[in-house]
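Chain and residue survey
Next come the chains, spelled out residue by residue.
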Amino acid sequence: MIAVPVPVKRLFDWKVRGVRCVEIIGVVCVAALVFSVYIAKAAAARESAEISRIESEIRENRQRVRLLRAEATRLEQPARLEALSRGIGLGPVDVRRQAVETGLPAIAPPPAAAVSPGAAPAAVAPAAPFVEPNAEESLH
């Protein structure tokens, strides 16, 4: 047998109401372990519920994205847009009404003037009249 030092032997032989202290310490450790496992399991269940809630939100958002993309595709159909524009009197821009690079300064809006905090905003000047380009300028 192994020779055990006397103080260690006294610790293992010490009894409280017929139960050794080592057994009491073991039971307390097992109880603490069971309690900590219960707490960890409850936390894992909460996290699992949170994960499933977030996953369901992701599925709902994906469904909304698909619906919105389908709606955007329907609203952007060229035939539909053409019918709506013709319904309000719009049509394609005439080729002769297109501006060339040299005519842009004449039709550009004036730069916005800095407004002081207490001053009333200045009236916006009307845009410069449209300048018809020469036929040879527009055909580069």
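Residues numbered from 1 in each chain as written. Predicted model: local features only at pLDDT ≥ 70, side-chain atom pairs only at ≥ 80, totals over all residues. Heavy atoms only, no water.

1. Remarks on the confidence of the model for the protein chain
Residues with a pLDDT of 70 or more make up 79% of the protein chain, whose mean pLDDT is 81. Per-element averaging of pLDDT across the protein chain places helix α5 (residues 135–138) at the bottom with 48 and helix α2 (residues 21–75) at the top with 96. In the predicted structure, residues 135–140 sits below a pLDDT of 50 and forms 3 contacts with residues beyond four places in sequence or in another chain. (pLDDT = per-residue confidence, 0-100. Helix = DSSP H or I, 4+ residues; strand = E, 2+ residues; numbered from the N terminus. Contact = heavy atoms within 4.5 Å.)

2. Digging into the pattern of salt bridges
Overall, the coordinates contain 4 salt bridges when judged by the stated rule. Between R53 and E50 there is a salt bridge, with its nearest N and O atoms 2.5 Å apart. Taken as a pair, R53 and E50 lie in helix α2 at a separation of 3 residues, close to a single helical turn. One salt bridge connects R74 with E71, and the closest N-O pair in it is separated by 2.8 Å. Of the two residues, R74 and E71 both sit in helix α2, 3 residues apart, roughly one turn of that helix. (Salt bridge = Lys/Arg side-chain N within 4 Å of Asp/Glu carboxyl O.)

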